[in-house]
Amino acid sequence: MSRGAGLDRRTLLGAAACLPLGAVLAGRALAAPPLPVPQVRVRLGSPRPQAVLRLPPGGWQVLGEAGRAYSLSQPGALEVVLSAAPQGVMLGARETGATRLRITCQEPFALDGIAYAGDLLAWVEGPQLVLVNELDLETYVAGVIPNECAHKSAPATHRAQAVASRTYAYVALLAPAAAKAPFHLKDTQSSQVYRGLTVLPAFGATASDMRLRAQETRGVMVTWQNRPLTTYFASTCGGHTTDPATSRFTGDADATPLAGVRCGFCGTSSRFRWTKRIADADLVAGMAARNLPVALPLLAVEVTERGKGGWARQLAITAGPQRSVRTVSGPDFRTAAGLNSHHILAIRRVVDGFEVDGAGWGHGVGMCQWGAHEMGRRGMGEADILRLYYPGATLARLY
């Protein structure tokens, strides 16, 4: 697939070989369709004035608009500051006059000290520099696993995360505007956490291990009704996952595999149960930040509607001299109150505030990552993990 090419949903799903969940990862081979690994574009951090780029000694090329090539002061390994200027992207002190550059390297490059494979795209937006890593989906998945799995997880957990992360990214590639989009994903929790080729020693596995886990599941996706499922996942569900609507997600909101399931494996998480005290003033400020103002005094906070697994879908805050009632979604209340999750078990009035008993960490939809960690630790396989958290789904090898 050429860089920037779109994905044809019908072609890919028509070529996919589908089996019930677990058949692929239980050792029954699927013949991969004759399709190349797609390319994905990931925005690295937020737009910034500049970044330090280290080019490898193994060869690199800097191209601007219309394929114009730019040389630098020396061959081989080189460290240079990329920066945004009114006239375009700056290479150190050199004015390129180009508003967009593609930097292609034969070996990994480093950006602000983090190593990446693939190409680096850089362009100017106002006074800021936008930086995007374009690379093949399998290398991207290998860079996500160590940032989304708990330390010391078993290989089966890594493989389950690889399938979930690959599918999540692939859904973004199938979006109608994906071919022309400047990037498909961010490198943060708003998409999936991605740190290039970096694997911390405490993780208990190496970058080579992560490439192997990706290769062991190459091209395998979680599908529902003959299309890739939006494979949400979160740290700790607190005993039960919830449905997309309760967490205000629209992707595959009605899909049966995301309806919420009981989880008996995340009890060892440090955030399985928690209690948080919220001062009245802090809650008022948090609500204002969400453009949901409430006035002092705060009189009562209660959950008025619950979604699957008991997660708070809606709350009511009674406040102000007129005892006005403000309704707020569970996710908005979580953010306003600074909670680990909106899996709220109880709310009590205390002096100058409220005390919340809760469970879990994150949005609670899809795979519980701490549950997956514990399942792998107990010797369960990746198919067991995926079957539990995406019940009724099917695995398909799409390339």
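Along every chain, residues carry numbers that run from 1 in the direction the sequence is written. Where totals are concerned, whole chains, interfaces and linings use all residues; where local detail is concerned, this predicted model gives features only for residues with pLDDT of at least 70, and gives and counts side-chain atom pairs only at 80 or more. Only hydrogens and water are set aside; all other atoms, that is, all heavy atoms of the structure, feed into the side-chain values.

Some words on the packing of helix α3 (residues 155–173) against helix α8 (residues 382–389)
Where helices are involved, their axes are fitted lines through C-alpha atoms of the stretch in contact, as for all axes, and angles between N-to-C directions lie from 0 to 180°. For helices the rule is a DSSP run of H or I covering at least 4 residues; for strands it is a run of E covering at least 2, with both sets numbered from the N terminus onward. Between α3 and α8, whose axes approach to 8 Å, the crossing angle comes to 50°. In terms of axis orientation, α3 runs oblique to α8. In this structure, α3 meets α8 at a crossing whose hand is right-handed. Residue-level contacts link A156, T157, R159, A160 and V163 of α3 to E382, I385 and L386 of α8. Residues are grouped as follows: nonpolar covers Ala, Val, Leu, Ile, Met, Phe, Trp, Tyr, Cys and Pro; charged covers Asp, Glu, Lys and Arg; every other residue, Gly included, is treated as polar. Of the residues in the contact of α3 with α8, the class split is five nonpolar, one polar and two charged. Should an angle fall under 35 degrees it is called roughly parallel, over 145 degrees roughly antiparallel, and 65 to 115 degrees roughly perpendicular, with every other angle called oblique. It is the rotation of the near helix from the far one that decides the hand of a crossing: anticlockwise by less than a right angle makes it left-handed, clockwise makes it right-handed. Two residues qualify as a contact provided that any one of their heavy atoms is within 4.5 Å of a heavy atom in the partner residue.

Side note on the packing of aromatic side chains
Note on aromatic contacts: the rings of Phe and Tyr and the six-membered ring of Trp form a pair at centre separations within 6.5 Å, being stacked when their planes are under 30 degrees apart, edge-to-face when over 60 apart, and tilted otherwise. Scanning all chains against the criterion turns up six aromatic pairs. A ring pair is formed by Y116 and Y194, whose centres lie 6.0 Å apart and whose planes are at 50°; its orientation type is tilted. Of this pair, Y116 sits in strand β11 (residues 114–116) while Y194 sits in the loop between β14 (185–186) and α4 (207–216), and the two are 78 residues apart along the sequence. Only protein chains enter the accessibility calculation, which uses a 1.4 Å probe; a residue is then buried when its area is under 20% of its type maximum, exposed when over 50%, and partly exposed in between. With relative accessibility at 4%, the residue Y116 sits in the buried group. Of the residues examined, Y194 reaches a relative accessible area of 1% and is grouped as buried. Ring pairs connect the aromatic residues F109, Y116, Y140 and Y194, which therefore count as one cluster. Here, a charge over a ring is recorded when the distance from Lys NZ or Arg CZ to the ring centre is within 6 Å and its angle to the ring normal is within 35 degrees. Seen from the ring of W361, R271 lies directly overhead, with NZ or CZ sitting 3.7 Å from the centre.

Thoughts on the nonpolar core
Within this scheme, the nonpolar core is defined by two criteria: the residues are buried Ala, Val, Leu, Ile, Met, Phe, Trp, Tyr or Cys, and they are joined through side-chain atoms within 4.5 Å. Residues L137, Y140 and Y390 are the most contacted members of the largest nonpolar core, which totals 80 residues. The biggest single contributor to this core is α3, with nine residues. Counting 21 residues, the second largest nonpolar core, distinct from the first, contains L283, L292, V301 and A336.

A few points about the layout of surface pockets
The volume enclosed by the largest pocket comes to roughly 810 Å³. Here a cavity is any set of points on a 1 Å grid over the protein atoms alone where a 1.4 Å probe fits but cannot get out, and a pocket is any open set with protein on both sides within 12 Å along at least 5 of 7 lines; a residue lines the site when it has an atom within 4 Å of a point. In this structure, the largest pocket is lined by 29 residues; those nearest its centre are E148, Q189, F233, A234 and Q369. The class makeup of the residues in the lining of the largest pocket is twelve nonpolar, 14 polar and three charged. Grid points are joined across faces, edges and corners, and a volume is the space filled by probe spheres set on the points.

Description of the sheet that holds strand β12 (residues 119–125)
In a beta sheet, neighbouring strands pair by backbone hydrogen bonds and run either parallel or antiparallel. Here the rule is simple: two strands pair whenever DSSP picks up at least two bridges between them. Pairing in this open sheet of seven strands is mixed, and the strands run β5-β4-β9-β12-β13-β2-β14 from one edge to the other. Pairing within the sheet leaves two strands with one partner each, and these edge strands are β5 (69–70) and β14. Of the strand pairs in this sheet, strand β2 (residues 39–43) and β14 are connected by two bridges, and their pairing is parallel. From the neighbouring strand, V42 faces β14, where its bridge partner is L185. Across the face of the sheet, helix α2 (residues 137–148) comes into contact with β2, β13 (128–136) and β14 while running at roughly 110° to β13.

From the geometry alone we can't say anything about function, so treat these as descriptive.
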